[in-house]
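If you want the building blocks of each chain, they are given just below.
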Amino acid sequence: DQQVKQNSPSLSVQEGRISILNCDYTNSMFDYFLWYKKYPAEGPTFLISISSIKDKNEDGRFTVFLNKSAKHLSLHIVPSQPGDSAVYFCAASKMIGNTGKLIFGQGTTLQVKP
Amino acid sequence: NAGVTQTPKFRVLKTGQSMTLLCAQDMNHEYMYWYRQDPGMGLRLIHYSVGEGTTAKGEVPDGYNVSRLKKQNFLLGLESAAPSQTSVYFCASRTDGSYEQYFGPGTRLTVT
């Protein structure tokens, strides 16, 4: 039972355009969502996050949108740059019990073409 | 400040052999996690620890054991390796009050 899903395995965009990565979840108890970026042969690195009490969080070129009624979040990258080419994972967490476990989606490979 | 480090970076095992993966963090984080990453499946939690001397099972714990004798170290053991344990293993840590986990560079394990 996949609680967090990224239905697009890959995405290709032109440099300077917008990249939109999507993520769906099934568990309404999740109260925090994170996006991680991963380059080959490296560990994931934190990119941006959003609390369930917000519907938008922005950090430079990166914006995450949360639609709780649809159980959907998206990551927007504007403008996209070749260095953004990586695998992007969304993750969800619930602080019940304070374990802070993350449930990850399958990942989306973004390719930004020069 | 090295962050999260993992040893070894690569390892090839034969079926039935045992090994221990070491994770170390120098950020004084209370929480530590072990994940495995397989193609098309994202990262799945194996075991985790909420503090020194404590461990708990995650989503895919079978075939693995862990220990957290010191706050800065989290060990993952494979007692009898199987080909299904071929994967990339990531360790992560976080501090109390933050959702953000910091990841190590990973260990690529192949079991033949």
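Whatever comes next refers back to the structure up there.
Reading the values: the criteria
Residues numbered from 1 in each chain as written. Chains lettered and ligands numbered in written order. Predicted model: local features only at pLDDT ≥ 70, side-chain atom pairs only at ≥ 80, totals over all residues. Heavy atoms only, no water. Contact = heavy atoms within 4.5 Å. Buried area = accessible area lost by both parts, 1.4 Å probe. Salt bridge = Lys/Arg side-chain N within 4 Å of Asp/Glu carboxyl O. Polar contact = N/O pair within 3.5 Å; in protein donor to acceptor, adjacent residues only side chain to side chain. Helix = DSSP H or I, 4+ residues; strand = E, 2+ residues; numbered from the N terminus. Nonpolar A, V, L, I, M, F, W, Y, C, P; charged D, E, K, R; others polar. Pairing = 2+ DSSP bridges. Buried < 20%, exposed > 50% of the residue type's maximum accessible area, 1.4 Å probe, protein only. Axes fitted to C-alpha atoms, helices over the stretch in contact; angles between N-to-C directions. Phe/Tyr/Trp six-rings, centres within 6.5 Å; stacked < 30°, edge-to-face > 60°.

Quick notes on the interface of chain B and chain A
Then, number 1: Facing 21 residues of chain B, the contacting portion of chain A comprises 21 residues.
Then, number 2: Buried surface at the junction of chain B and chain A, both sides included, amounts to about 1,700 Å², of which 62% is carbon and sulfur.
Then, number 3: It is Leu43, Tyr99 and Phe103 of chain B that lose the most area in chain B upon contact with chain A, and together they represent 37% of the buried surface on that side.
Then, number 4: Summed over the shared surface of chain B and chain A, the result is zero salt bridges.
Then, number 5: Applying the counting rule to chain B against chain A returns three residue pairs in polar contact (both at pLDDT 80 or more).
Then, number 6: Elements represented by at least two residues in the side of chain B that touches chain A include exactly strand S4 (31–37), strand S5 (43–49) and strand S9 (87–94) of chain B.
Then, number 7: No other element matches S4 of chain B, which puts four residues into the side of chain B that touches chain A.
Then, number 8: Classifying every residue of the side of chain B that touches chain A gives twelve nonpolar, six polar and three charged.

Brief notes about the sheet that holds strand S8 (residues 72–77) of chain A
Residues and elements named next belong to chain A.
Then, number 1: If you trace the five strands from one edge of the open sheet to the other, you get S1-S3-S8-S7-S6, paired in antiparallel fashion. Of all strands in the sheet, those bounded by a partner on one side alone are strand S1 (4–5) and strand S6 (56–59).
Then, number 2: Pairing analysis gives four bridges linking S6 to strand S7 (residues 62–67), with the strands arranged antiparallel. Looking at S7, one finds that aspartate 59 is bridged to phenylalanine 62.

With respect to the pattern of salt bridges
Should the charged atoms of two oppositely charged side chains come close, the side chains can pair.
Then, number 1: What the rule picks out here adds up to five salt bridges over all chains.
Then, number 2: Aspartate 38 of chain B is paired through a salt bridge with arginine 44 of chain B; the nearest N and O atoms lie 2.8 Å apart.
Then, number 3: Residue arginine 44 of chain B is classed as buried on the basis of its relative accessible area of 17%.
Then, number 4: Beyond isolated ion pairs, a larger network of salt bridges with shared partners links Lys37, Arg61 and Asp84 of chain A.

As for the sheet that holds strand S8 (residues 73–78) of chain B
Residue and element names in this part refer to chain B.
Then, number 1: Spatially, S1-S3-S8-S7 is the arrangement adopted by the four strands of the open sheet, whose pairing is antiparallel. Strands at the two margins of the open sheet, each flanked by one partner only, are strand S1 (4–7) and strand S7 (64–67). Strand-to-strand twist in this sheet, taken as the mean axis angle between neighbours without regard to direction, amounts to 20°.

Thoughts on the packing of aromatic side chains
Then, number 1: This model, assessed by the stated rule, comprises 14 aromatic pairs over all chains.
Then, number 2: Pairing tyrosine 36 of chain A with phenylalanine 104 of chain A gives two aromatic rings, centres 5.9 Å apart and planes at 55°, and the pair type is tilted. Taken together, the positions of tyrosine 36 of chain A in strand S4 (residues 32–38) and phenylalanine 104 of chain A in strand S10 (residues 102–104) put the pair 68 residues apart, joining distant regions of the chain.
Then, number 3: For tyrosine 36 of chain A, a relative accessible area of 0% translates into the label buried.
Then, number 4: Assessed through its relative accessible area of 3%, phenylalanine 104 of chain A is described here as buried.
Then, number 5: Taken together, Tyr36, Phe46, Phe89 and Phe104 of chain A together with Tyr33, Tyr35, Tyr48 and Phe103 of chain B form an aromatic cluster joined through their ring pairs.

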